[in-house]
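# Close look at the chain arrangement
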Amino acid sequence: MFSYQFSETHEMIRQTAREFAQSEIAPSAIERDEHSTFPTEIVKKMGELGFMGMMVSPEYGGSGLDAVSYVIAMEEISKVDASCGVIMSVNNSLVCWGLETFGTPEQKERYLKPLAMGEKLGAFCLSEPEAGSDATHQHTNAKQDGDHWVIDGMKNWITNGTSADIYLVFAQTDREKRHKGITCFIVERTAEGFAPGKKEDKLGIRSSDTCSIALSNVRVHQDAVLGGVGGGFKIAMESLNGGRIGIAAQALGIAQGAFERAVAYSKERVAFGKPISELQAIQFKLADMSVKTEAARLLTLRAAVLKDNHENYVKEAAMAKLSASKAAVEVALEAIQVHGGYGYVREYQVERMLRDAKITEIYEGTSEIQHIVISRELLKNM
Ligand code: CAA
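Attention in this report is confined to the structure presented alongside it. Not measured: the values here are computed from a predicted model.

For the rest of this paragraph, the subject is the nonpolar core. Of all hydrophobic cores here, the largest spans 94 residues; its most connected members are Met46, Phe51, Met88, Leu99 and Phe170. Top element by residues in this core is helix 7 (residues 232–268). It accounts for 16 residues. Ile151, Ala164, Ala191 and Val225 belong to the second-largest nonpolar core, a separate cluster that totals 21 residues.

This is how it looks when you write it as structure tokens:
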């Protein structure tokens, strides 16, 4: 049974994230979107505030908070700029979580600590040109050579791809074993043969950077194997379960941001002799937008609470992402409609929210993949 009450700590995190987002992120959001500028200074400050390793234990430089705190901060940041949201989400859920859960004490000291403190940035390299949804079909290969591994292949759609310092790279080390032959390697940006390509020119989340990465004879020591040889696919799947809570919270932030802008505009804009918020046509839209956003919030919090309680949250995380990403797209689209022609221009920001929203239905598992995960889990348990 799900019931929840926010603690004082949660309220404090919301306040801190909200103030930071409004004062430090909002002023440059339109310009960074237009010029695809990576928010280097903002990411540094998010690190100083403890937002880059929110659930990591303080022993390894993290904030030691729960998943609910993470959802709250992600929502507030993404409400203002979803690009900053995804940068934060990948570092927290897909890189720090895996390192803390599967890393050796040496790996945690060397890689997790600077990532959790925001001194370094992480990226997660699972997708490939021919392995997106079908993630078990990794073409990237790693061969053992003495006490080293040599990695060759191509990764793509890598968030933080050109800006990161530390990359989790998944590669096939024993093709016969299919997904049980996939291994995760910790690769530093400076490794010879590791070559991030040019930034993709994207529809949305333009201030985050996404690129392909070519790996050509990249040699890493065997100490760079995370979670054991052949343990990579498990790391990828389990990291993505938590990642889906982060992306659900990002989508929730977009929906909430678009909704708030629509409400504010509807109270200011006068038509037919009164604010349009007094017209039933607009009131019904606002009601629908609010229902979708609240439903997404409840599902996202439920998944976070289950994770915090160490209960199975695979299905709930997928439900949260499926529902919140749909809500983000629909609410942002409707926010444009409430704004009329003004919604179609950059200055009013709701068009950016729609462009940013679309990717939440694609990355960290498309909506179609979430349907697969949900149906498999529910059939397993009924
Ligand atoms: N949690 C834990 N384990 C899972 C899992 C989950 N959600 N889903 C599958 N697995 C496990 C299975 O139990 C199985 O393990 P065992 O053999 O040990 O039992 C193994 O993974 C393989 O599963 P299947 O045999 O079911 O393989 P499949 O090919 O039929 O399905 C899939 C696998 C669920 C479709 C998987 O490939 C998948 O999740 N694809 C989507 C990948 C994805 O989300 N990519 C996002 C890219 S990262 C990104 O976007 C980051 C970014 O930069 C923003």
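Let us now look at the packing of helix 7 against helix 9 (residues 314–339). As a packed pair, helix 7 and helix 9 sit with axes 7 Å apart at the nearest point and diverge in direction by 20°. On the basis of their axis angle, the class for helix 7 and helix 9 is roughly parallel. The handedness of the crossing between helix 7 and helix 9 is left-handed. Per-class residue counts for the contact of helix 7 with helix 9 are 21 nonpolar, four polar and three charged.

Right, let's get into the layout of surface pockets. In this structure, the largest pocket spans a volume of roughly 1200 Å³. Every residue lining the largest pocket is counted, 42 residues in all, and those nearest its centre are Gly132, Arg244, Glu364, Gly365 and Thr366. Those elements that provide at least two residues to the lining of the largest pocket are helix 5 (82–102), strand 3 (148–159), helix 7, helix 10 (350–358) and helix 11 (367–380). For the lining of the largest pocket, the residue count by class is 19 nonpolar, eleven polar and twelve charged.

Cut-offs and rules
Residues numbered from 1 in each chain as written. Predicted model: local features only at pLDDT ≥ 70, side-chain atom pairs only at ≥ 80, totals over all residues. Heavy atoms only, no water. Core = buried A, V, L, I, M, F, W, Y, C linked by side-chain atoms within 4.5 Å. Buried < 20%, exposed > 50% of the residue type's maximum accessible area, 1.4 Å probe, protein only. Helix = DSSP H or I, 4+ residues; strand = E, 2+ residues; numbered from the N terminus. Axes fitted to C-alpha atoms, helices over the stretch in contact; angles between N-to-C directions. Parallel < 35°, antiparallel > 145°, perpendicular 65-115°, else oblique. Left-handed = near helix turned anticlockwise from the far one by under 90°. Nonpolar A, V, L, I, M, F, W, Y, C, P; charged D, E, K, R; others polar. 1 Å grid on protein atoms, 1.4 Å probe; cavity = no way out; pocket = protein on both sides within 12 Å on 5 of 7 lines; lining within 4 Å. Points joined across faces, edges and corners; volume = space filled by probe spheres on them.

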